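# Close look at the chain arrangement
Spelled out from the first residue to the last, the chains are:
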Amino acid sequence: MTSAVPTPLHDPQRDVNTWTPPLDIALHAARDTLARHAKADIHDHGDMLEAAAGLECALRLLVAALDAEAVR
């Protein structure tokens, strides 16, 4: 067991999004990230961390782009 304080994947105060991509770019990035991590080894901790971080980032950008598109 570790005594380290857990660090969340996303911290709204630390991870401020200063730019929202257009929807087509965010969608392309999300598809690219999905393709890159499609064959990640579920038993490889490093693969799973990399996939989680990449997919979380792509999803956040996609949601931000969808929200921006909805406002227009």
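Everything in this summary refers to the structure shown in the same document.

So, how was this worked out
- Residues numbered from 1 in each chain as written.
- Predicted model: local features only at pLDDT ≥ 70, side-chain atom pairs only at ≥ 80, totals over all residues.
- Heavy atoms only, no water.
- Helix = DSSP H or I, 4+ residues; strand = E, 2+ residues; numbered from the N terminus.
- Expected span 1.5 Å × (residues − 1).
- Buried < 20%, exposed > 50% of the residue type's maximum accessible area, 1.4 Å probe, protein only.
- Contact = heavy atoms within 4.5 Å.
- Polar contact = N/O pair within 3.5 Å; in protein donor to acceptor, adjacent residues only side chain to side chain.
- Arc of directions from axis to C-beta.
- Axes fitted to C-alpha atoms, helices over the stretch in contact; angles between N-to-C directions.
- Parallel < 35°, antiparallel > 145°, perpendicular 65-115°, else oblique.
- Left-handed = near helix turned anticlockwise from the far one by under 90°.
- Nonpolar A, V, L, I, M, F, W, Y, C, P; charged D, E, K, R; others polar.
- Core = buried A, V, L, I, M, F, W, Y, C linked by side-chain atoms within 4.5 Å.

With that settled, the discussion passes to helix α2 (residues 45-71). With 27 residues, α2 extends 39 Å between its outermost C-alpha atoms, agreeing within 8% with the 39 Å of an ideal straight helix rising 1.5 Å per residue. Ala51, Glu56, Ala58, Leu62, Ala64 and Ala65 are the residues of α2 that are buried. In this fold, the buried residues of α2 make contact with α1 (23-37). For α2, the side-chain oxygen to backbone nitrogen distance between the N-cap and Gly46 is 2.9 Å, and the N-cap itself is Asp44.

Another aspect to go through is α1. Owing to its 3.6 residues per turn, the α-helix aligns residues three or four sequence positions apart on the same side. With 15 residues, α1 should reach 21 Å at 1.5 Å per residue; the first-to-last C-alpha distance of 21 Å fits that figure. Listed in full, the buried residues belonging to α1 are Ala26, Ala30, Thr33 and His37. The buried residues of α1 occupy one face: seen down the axis, they fall within an arc of 65°. Turned more than 90 degrees off the buried face of α1, the exposed positions are Asp24, His28, Arg31, Ala35 and Arg36. Along its buried surface, α1 packs onto α2.

Another aspect to go through is the packing of α1 against α2. Pairs of packed helices are described in terms of their axes, by the angle between the two and the distance that separates them. Between α1 and α2, the least distance of the axes is 9 Å, while the angle of their chain directions is 160°. It follows that α1 is roughly antiparallel to α2 by the angle criterion. In terms of crossing hand, the pair formed by α1 and α2 is left-handed. Note on element contacts: α2 touches α1 through Glu50, Ala51, Gly54, Leu55, Ala58, Leu61, Leu62, Ala65, Leu66 and Glu69, opposite Leu23, Ala26, Leu27, Ala29, Ala30, Thr33, Leu34 and His37. Classifying every residue of the contact of α1 with α2 by side-chain character gives 13 nonpolar, 3 polar and 2 charged.

Grouped together as the largest cluster of nonpolar side chains are 5 residues: Ala26, Ala30, Ala58, Leu62 and Ala65. Of all the secondary-structure elements, those providing two or more residues to this core are α1 and α2. Among all residues touching Ala30, those that are not within four sequence positions of it are Ala58 and Leu62.

Just geometry here; none of it tells us what the structure is for.
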